[in-house]
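# Residue-level structure breakdown
Chain by chain, the residues run as shown.
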Amino acid sequence: EILLWRSIVGFLLVLLVASATGQRGAIRRDRLPQHILRNIVHFTAQNLWFWSLTAIPLAQAFALEFTSPIWVILLSPVLLGEKLTARRIGYALLGFVGTMIVAHPDFGRVSPGVLAAAASAICFAVSILLTKRLTRGESIVSILFWLTVIQGILGLIAAGWDGQIVLPTAATLPWLALIGAAGIFAHLCLTKALTLAPASVVVPVDFARLPLIAVLAAILYNESIDPAVILGGGVIFAANWMNIRSGRQGA
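The paragraphs below set out a description of the structure included in this document. (Residues numbered from 1 in each chain as written. Predicted model: local features only at pLDDT ≥ 70, side-chain atom pairs only at ≥ 80, totals over all residues. Heavy atoms only, no water.)

### Thoughts on the packing of helix H4 (residues 68-79) against helix H6 (residues 112-134)
Basically, it comes down to this: Here an axis means a line fitted to C-alpha atoms, over the contact stretch when the element is a helix, while the angle between two N-to-C directions is reported on a 0 to 180 degree scale. In this text, helices come from DSSP runs of H or I with a minimum length of four residues, and strands from runs of E with a minimum of two, each type numbered from the N-terminal end. Working definition: roughly parallel below 35 degrees, roughly antiparallel above 145 degrees, roughly perpendicular at 65 to 115 degrees, and oblique for all remaining angles. In a left-handed crossing the near helix is turned counterclockwise from the far helix by less than a right angle, and in a right-handed crossing that turn is clockwise. Residue contacts follow a heavy-atom distance rule, with two residues in contact if any of their heavy atoms lie within 4.5 Å. Residue polarity is assigned by list, with Asp, Glu, Lys and Arg as charged and Ala, Val, Leu, Ile, Met, Phe, Trp, Tyr, Cys and Pro as nonpolar; anything else, Gly included, falls into the polar class.
The N-to-C vectors of H4 and H6 enclose an angle of 45 degrees; their axes lie 9 Å apart at closest approach. It follows from the interaxial angle that H4 and H6 lie oblique. As for how H4 packs across H6, the hand of that crossing is right-handed. Two secondary-structure elements touch here, H4 through Ser68, Trp71, Val72, Leu75, Ser76 and Leu79 and H6 through Ala121, Ile122, Phe124, Ala125, Val126, Ile128, Leu129 and Arg133. The residue inventory of the contact of H4 with H6, partitioned by class, reads 11 nonpolar, two polar and one charged.

### Notes on the layout of surface pockets
For the record, the criterion: Here a cavity denotes a set of grid points, spaced 1 Å apart and computed over the protein atoms alone, in which a 1.4 Å probe fits but from which it cannot get out, and a pocket denotes an open set meeting protein on both sides within 12 Å along at least five of seven lines; residues with an atom within 4 Å of a point are reported as lining. Grid points are joined across faces, edges and corners, and a volume is the space filled by probe spheres set on the points.
Of the volumes computed, that of the largest pocket is approximately 2,200 Å³. In terms of lining, the largest pocket is formed by 50 residues, of which the most central are Trp49, Phe62, Glu65, Arg209 and Ile213. Broken down by element, the lining of the largest pocket gets its largest block of residues, 11 residues, from helix H8 (residues 173-196). Within the lining of the largest pocket, the residues separate by chemical class into 34 nonpolar, nine polar and seven charged. Here the second largest pocket is characterised by a volume of approximately 220 Å³. Surrounding the second largest pocket, Leu13, Val14, Val17, Gln23, Ile140, Val141, Leu144, Ile184, Phe185 and Leu188 form its lining. Listing elements by their share of the lining of the second largest pocket, those giving two or more residues are helix H1 (2-20), helix H7 (140-159) and H8. Along the lines of polarity and charge, the residues of the lining of the second largest pocket split into nine nonpolar, one polar and no charged.

### Some words on the packing of aromatic side chains
The condition is simple: Planes of paired rings set the category: under 30 degrees apart is stacked, over 60 is edge-to-face and the rest tilted, where pairs are Phe, Tyr or Trp rings (Trp by its six-membered ring) whose centres lie within 6.5 Å. Buried residues are those whose accessible area, probed at 1.4 Å on protein chains only, stays under 20% of the maximum for their type, while exposed residues exceed 50% and partly exposed ones sit between those limits.
The tally for this structure, following the rule as stated, stands at two aromatic pairs. Relative to Phe145, the ring of Phe11 has its centre 5.8 Å away and its plane inclined at 45 degrees; by these criteria the two rings are tilted. In this pair, Phe11 sits in helix H1 while Phe145 sits in helix H7, placing the two residues 134 residues apart along the sequence. Judged by its relative accessible area of 13%, Phe145 is buried. Between Phe145 and Trp146, the ring centres sit 5.0 Å apart and the planes meet at 80 degrees, which makes this aromatic pair edge-to-face. For the pair shown, Phe145 and Trp146 are each scored as buried.

### Focus: empty space enclosed by the protein
Taken as a whole and judged by the stated rule, the model has one cavity of 30 Å³ or more. There is about 100 Å³ of room inside the largest cavity. For the lining of the largest cavity, the secondary-structure elements that each account for two or more residues are H1, H7 and H8. For the lining of the largest cavity, the class distribution of residues is three nonpolar, eight polar and one charged.

### Re H7
The condition that has to hold: For a helix, the expected span equals 1.5 Å multiplied by the number of residues minus one.
Given a rise of 1.5 Å per residue, 20 residues ought to cover 28 Å, and the 27 Å separating the end C-alpha atoms of H7 matches this to within 8%. The element H7 is extensively covered by neighbouring structure, given that 14 of its 20 residues are classed as buried.

### Observations concerning helix H10 (residues 209-221)
Since the α-helix turns once every 3.6 residues, residues separated by three or four places project in the same direction. Applicable threshold: Directions from the helix axis toward the C-beta atoms define the arc.
Between its terminal C-alpha atoms H10 stretches 17 Å, which fits the 18 Å expected from 13 residues at 1.5 Å a residue. Residues Leu210, Pro211, Ala214, Ala217 and Ala218 constitute the buried set of H10. The buried residues of H10 all sit within an arc of 115 degrees when viewed along its axis, so they share a single face. In H10, the exposed positions that point more than 90 degrees away from the buried face belong to Ile219 and Leu220.

### Let's talk about a nonpolar patch on the surface
As a reminder of what qualifies: In this scheme, patches are assembled from residues that exceed 30% relative accessible area and form no salt bridge. Like charges are connected within 9 Å, while nonpolar side chains (Val, Leu, Ile, Met, Phe, Trp, Tyr) are connected within 5 Å. Using a 1.4 Å probe, accessible areas were evaluated by the Shrake-Rupley method; residue-level cover was limited to the displayed protein chains. Only one rule defines a salt bridge in this text: a Lys or Arg side-chain nitrogen within 4 Å of an Asp or Glu carboxyl oxygen.
Among the surface-exposed residues, Leu212, Val215, Leu216, Ile219, Leu220, Tyr221, Ile225 and Ile230 lie close enough to one another that they form a single nonpolar patch of about 840 Å² accessible area. With six residues, H10 is the largest single contributor of residues to the nonpolar patch. Inspection of the secondary structure assignment puts Leu212 in helix H10.

Set out below in structure tokens:
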């Protein structure tokens, strides 16, 4: 249901902005099969991620999710033909080490929740690479439009599978609107970034989200900041900085 309402909010925002800026004509249907494939993969990743949150500790779920940049770097030569260098592999691994320092999860027991989170990370990586392929000739407005439409349909099917869909209330509607706006803005930023640089350069920046989450949790929810967050965040920052420099130099 959350994914459904998020897609509806995103659809309305995309339509509003496209109409206001005169870009509705940029929405095309000739690559619809690619949009459908990309969004099925992404919707699967989202559902696996949400389910894993109910089955394993948050630290494990986040740590496994943050293997996505590794998969992007490893799969980008196959799906995109991007050049894979030892430096980029090394920077991605360094970023992952920083993530492990922050999350310090316990993987002593492999459970269905762990497998779901791992599969989610792979699906997210494939979705990003398919998005990169779409940016070659497809406008950002068109990509975001079909994102919200297709995932809205998938969300409706999944949410209504049991014949019951809970409507937003006065209390939940503002939060759903915020989730939808933040979600579509995040996709806008990622899609734009993928038009400007290789996926193997763009995606490892996502590692920085983990220490940022810890800082915001401390500000908004008074959660204590583990010293590991500062150490791991420094490692993540260093890995991103070196990866971006490498991308500028074409290494």
